[in-house]
Structures are given as structure tokens and as C-alpha cells.
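If you want the building blocks of each chain, they are given just below.
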Amino acid sequence: MIFDVVTIFPDFFSSIVAHGLLKRACAARQAEIRLHDLRDYTDDRHRTVDDRPFGGGPGMVFKPEPVFRAVESLRAEGADFPVVLLSPQGRLFTQSVARELARHPRLALICGRYEGVDERVAEHLATDEISIGDFVLSGGELAAAVVMEAVTRLIPGALGNEASSEQDSFAVPESPEGGGPPAPAGLLDFPQYTRPAEFRGWKVPEVLLSGNHEEIRQWRRRRVLEKTWRQRPKLLQTAPLDPQDQAMLDQIKRAALEPAAPMK
């Protein structure tokens, strides 16, 4: 996977690519991050990338010319790849979108700044416009880092253990394995515990120490459904729940409505 990042702050990414997953993926040649300074595509001695918005208003807007030049110089290499404009106005970035982007061998990421980017970039240059959430950042660099991390996790071999990404929160398995009913997909992850088995009086659930794999699987499935229902219930509206999941979810809801036992 090649990431072409168009930004006015290429140095911003120096620490991000020097640690963790992105560092390992680049070292293993599973990913390559190419940084392109937008100011290199200007044509004036001040290397101007922005100007005041037509119609008035505060702030500055990225000019279209350097952005078009930057992306068109990449296109001149003959490759066809998605061009993603990172913007609060874009479609919401989800695990499903990350999986969609991971199917491509190359992505261009345009990092906006200031009051935004000239709309002609979104209309005539970018093939996609993506937002990482309903909030506003000062620029698209952090958003680009988020996208690269999430997409890189889905590159075969990048994590070392492929089951790690399959069990992530929001993960949607492409097909069920083992012949049994599919696990809850697109939901939150189950709680994780490690040693010690007791810490400050708080004990790890006994079932996780039992060695009974079927009971552990059932416990984890129940906790996935319970946590999603309590914290992100809208995810359940589109999750492909099987009859066993639905029955378990109904039990969880009924238990929540039962009155608490009187104190003795």
C-alpha cells in the first residue's frame, strides 16, 4: 500500500511513521508513505497556498492550483488511485470505509488547513471526501494519520496475527469461519483481561480462567452485545445478528428492566 500525503506540514508525520504499526509496515515494505509538500507546487516566490474566501468571511482557503498540480503530478506516473480529501464535510470514516480503501494498492490523501479547500478540489479532483468525526480540527494531518493507521491494520501480514483485526471493535468479517453461526459483526469488542487474576480486589471473571472455550465464547458474545447495546445501540440496527444473538440481546434488555433486589 502506497500513501501519497499532500500537506503543508510534511514534518508533522516524522514521529508518526517512526513508531508502532506504520513504522513496522514500512520497514517490511508492506506500506510506503510518500510526503508531498504542497508549497512545492506553487508558482510564486512566497510559495503561496491560500487566499481570502470569495464572499467574505474569516480565515483563508487553500487555492486550487497547487492542489491540482500536486495530484496531477502523481497521476502523471500512470497509476489510477483514489484521491481522498480529508474534510469535516466528508462521509464518516468507519471500519467499513477503511476496509474499502484497503482494497486499493495506492491512496492519495489531501490534508486541508485553515477555513478549508477550494470547493473545485472536492468537485473535480478528489474521488472521495472523508471526515473522521463530527468535530473540527485545525488541519487534515491528524485525520490522514488516522486513515493510514486504520487502513494499514487491514493489509495482510501487517499485524502479524490476522485474527487481531478480525476481533477489533466495528470489525465486519467478510465471511463466517468454522461453519457455525457468524459472530456479531460491526459491534464493539469484548472486554480484555490479563495477569494478575486479582488486582486491588477486582477479579478477572471466572469463566475466562475456566479453560472452557465454548463458555468463554458465549461470555464474550454476550458482553459484545451488552456493551454495544448500552454504549452504541445504533450499531445494532445494521449488525447481522443471528437468532442466538437476538435471543441473547433480548435477555440483556429484560435483565436491564428488572427491578433491583431490595437491600437487606
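Bear in mind the structure is a predicted one, so any value in this text is a computation, not a measurement. (Residues numbered from 1 in each chain as written. Predicted model: local features only at pLDDT ≥ 70, side-chain atom pairs only at ≥ 80, totals over all residues. Heavy atoms only, no water.)

Participant: How would you sum up the environment of Arg24? Please name residues and give values.
Facilitator: Take Arg24: it is sitting in helix H1 (residues 20-27). Arg24 sits 135 residues away from Leu159 along the chain, and the two C-alpha atoms are 9.0 Å apart. (Helix = DSSP H or I, 4+ residues; strand = E, 2+ residues; numbered from the N terminus.)

Participant: Give a description of helix H2 (residues 64-75) that names residues and reports values.
Facilitator: Here H2 is 12 residues long and its end C-alpha atoms lie 16 Å apart, about the 16 Å a rise of 1.5 Å per residue gives. Within the span of H2, buried status applies to Pro64, Pro66, Val67, Phe68, Ala70, Val71 and Leu74. For H2, the secondary structure elements touched by its buried residues are strand E1 (2-7), strand E2 (32-37), strand E4 (61-62), strand E5 (83-92), strand E6 (106-111) and helix H4 (119-124). (Expected span 1.5 Å × (residues − 1). Buried < 20%, exposed > 50% of the residue type's maximum accessible area, 1.4 Å probe, protein only. Contact = heavy atoms within 4.5 Å.)

Participant: A description of the pattern of salt bridges should follow, citing residues and the corresponding values.
Facilitator: Under the defined criterion, the tally for this structure stands at 18 salt bridges. Glu141 is the salt-bridge partner of Arg113, the closest N and O atoms lying 3.0 Å from each other. In this pair, Arg113 sits in the loop between E6 and H4 while Glu141 sits in helix H5 (residues 141-152), placing the two residues 28 residues apart along the sequence. Both residues of the pair, Arg113 and Glu141, belong to the buried class. Residue Arg230 pairs with Glu226 through a salt bridge whose shortest N-O separation is 3.6 Å. Here Arg230 pairs with Glu226, and both are found in helix H7 (residues 213-231), just 4 residues apart, close to one helical turn. A residue is classified by how much of its surface remains accessible, and Glu226, at 22% relative accessible area, is partly exposed. Three or more residues are tied together by salt bridges with common partners; here these are Asp4, Glu32, Arg34, Glu77 and Arg106. (Salt bridge = Lys/Arg side-chain N within 4 Å of Asp/Glu carboxyl O.)

Participant: Would you mind going over helix H3 (residues 95-102) in detail, with residue names and values included?
Facilitator: Within H3 the residues assigned to the buried category are Gln95, Val97, Ala98, Arg99 and Leu101. In this fold, the buried residues of H3 make contact with E5, E6, strand E7 (128-131) and H5.

Participant: So what's going on with the confidence of the model for the protein? Residues and values would help.
Facilitator: Here the protein averages 90 in pLDDT, and 88% of its residues register 70 or above. Taken together, the stretch residues 175-184 has pLDDT below 50 and engages in 13 contacts with residues farther than four places along the chain or on a different chain. (pLDDT = per-residue confidence, 0-100.)

Participant: Which residues make up the environment of Arg103, and what values go with them?
Facilitator: Among the secondary structure elements, Arg103 is positioned in the loop between H3 and E6. Sequence-wise, Arg103 and Leu154 are 51 residues apart; in three dimensions their C-alpha atoms are separated by 9.1 Å.

Participant: Describe the nonpolar core, with residues and values.
Facilitator: Across soluble globular proteins, nonpolar side chains have a tendency to be buried as a group. Counting 28 residues, the largest nonpolar core has Phe3, Leu86, Phe93, Leu101, Leu109 and Met148 as the members making the most contacts within it. Contributions of two or more residues to this core are made by E1, H1, E5, H3, E6 and H5. Every residue in contact with Leu109, bar those within four places of it in the chain, is listed here: Phe3, Asp4, Val5, Val6, Val84, Leu86, Ala144, Val147 and Met148. Core analysis: the next-biggest nonpolar cluster, separate from the first, contains 21 residues, Tyr41, Val67, Phe81 and Ile110 among them. (Core = buried A, V, L, I, M, F, W, Y, C linked by side-chain atoms within 4.5 Å.)

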